[in-house]
Amino acid sequence: MACFICETCGTQFAESAAPPPACPVCEDERQYVGWSGQRWTTHVELARRHVLRIETDGDLLGIGMAPDFAIPQRALLLPTGAGNLLWECVSLVTDDAVAALRARGGVDAIVISHPHFYASMVEWSEALGDVPIVIHAADRAWVQRPSPRIRFWEGDVLRLSHDITLLRCGGHFPGSTALHWASGPREGGALFPGDALQVVQDRRHVTFMYSYPNFIPMRGSDVRAMRERLLGYDFDDVYGYTWGRNILGGARAAVDASFERFLQRLAA
Ligand SMILES: [Zn+2]
Ligand SMILES: [Zn+2]
């Protein structure tokens, strides 16, 4: 028995004797099946081939896989008023990473934006002392490894503390969640949007895709709904999905200009 992990999206599945027949995350039009067909690995195998990069990204501690694996996102440790939050998740857990997190006070909860980054969230929760995993209920059907540690939240806004708010942005997935940190990591605050919006290569704009790898734009109505939901939340920084994909400084204006540009292109 093993908890198989999809090689292309990095999602860990519930324990089974044989690999699952298919990966629903990759068969969905937002992702893709690897060019050489569906491939599976296990956590034990991953630990032989990969290590974790434990490095600073912007003003935060990041954890990502090396060499790159699957999507390849990196998780961030957010020391907030709601406790130490691990934002997003990766497919591999190592003793080094757990020790690095413990040295910074441990992790109180794992919060994940959407199904592409569920990765090995249950494995991580167990390694960190059975901490809760907070994800939006609208994406419940995408959970491949159920666990009593998972706490589904509902609605459009969840305040975790005076400085941390989860905002359901939708668009990419119905439950696509952004985390707003009003007072950190720097004074002006930061937005952690998952894939609800993505920082583009110039790192002065963001874009809004239903599928990033397959270039399927988000519906205009979903983009407008997201813009409404983000109104009134200020932030200097946007931390994107992977290393360095951040807008550090002036991010609120960059996001506003990007909403405008994108919606104008859609309407043209
Ligand atoms: Zn997959
Ligand atoms: Zn995604």
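What comes next is a walk through the structure.

Things to note about the coordination of the zinc ion (ligand 2)
Right, so step 1: Those donors, His114 (NE2), His116 (ND1), His172 (NE2) and Asp195 (OD), are the protein atoms that reach the zinc ion (ligand 2), and they lie 2.1 Å from it.
Right, so step 2: Considering all four donor atoms around the zinc ion (ligand 2), the spread of angles at the metal, 95 to 144°, places the coordination shape in the irregular class.
Right, so step 3: Here the donor residues for the zinc ion (ligand 2) map to a single chain with the spacing H-x1-H-x55-H-x22-D.
Right, so step 4: Accessibility expressed as a relative area gives 3% for His116, which makes it buried.

Brief notes about the sheet that holds strand 19 (residues 246-248)
Right, so step 1: With respect to topology, six strands assemble into an open sheet ordered 10-11-12-13-18-19, the strand pairing being mixed. Both edges of this open sheet fall to strand 10 (157-159) and strand 19, since each of them pairs with a single strand only. Going from strand to strand, the sheet's axes swing by 20° on average, the running direction of each strand aside.
Right, so step 2: With three bridges joining them, strand 10 and strand 11 (residues 164-168) adopt antiparallel strand pairing. Among the inter-strand pairings, Arg159 is bridged to a residue of strand 11, identified as Thr165.

Focus on the coordination of the zinc ion (ligand 1)
Right, so step 1: Every protein donor of the zinc ion (ligand 1) is listed here as Cys6 (SG), Cys9 (SG), Cys23 (SG) and Cys26 (SG), and their distances to the metal cover 2.3 Å.
Right, so step 2: Its four donor atoms give the zinc ion (ligand 1) angles of 102 to 118° at the centre, a pattern that matches the tetrahedral case.
Right, so step 3: Judged by relative accessible area, Cys6 falls into the buried class, the value being 0%.

Overview of the sheet that holds strand 3 (residues 51-57)
Across a sheet, strands are paired by hydrogen bonds formed along the backbone, either parallel or antiparallel in direction.
Right, so step 1: Spatial strand order, 3-4-5-6-7-8-9: seven strands in an open sheet with mixed pairing. What marks the edges here is a single partner per strand, and that holds for strand 3 and strand 9 (150-153). Within this sheet the neighbouring strands show an average axis-to-axis angle of 25°, counted without direction.
Right, so step 2: Pairing of strand 4 (residues 60-66) with strand 5 (residues 74-80) involves four bridges; the strand directions are antiparallel. Across the sheet, the residue bridging to Ile63 is Ala75, located in strand 5.
Right, so step 3: Relative to the sheet, helix 3 (residues 95-103) contacts strand 3, strand 4 and strand 5, its axis offset from that of strand 3 by approximately 30°.

Reading the values: the criteria
Residues numbered from 1 in each chain as written. Chains lettered and ligands numbered in written order. Predicted model: local features only at pLDDT ≥ 70, side-chain atom pairs only at ≥ 80, totals over all residues. Heavy atoms only, no water. Donors = N, O, S within 2.8 Å, 3.2 Å for Na, K, Ca; no water. Tetrahedral: all angles 85-135°; square planar, octahedral: opposite > 155°, others 65-115°. Buried < 20%, exposed > 50% of the residue type's maximum accessible area, 1.4 Å probe, protein only. Pairing = 2+ DSSP bridges. Helix = DSSP H or I, 4+ residues; strand = E, 2+ residues; numbered from the N terminus. Axes fitted to C-alpha atoms, helices over the stretch in contact; angles between N-to-C directions. Contact = heavy atoms within 4.5 Å.

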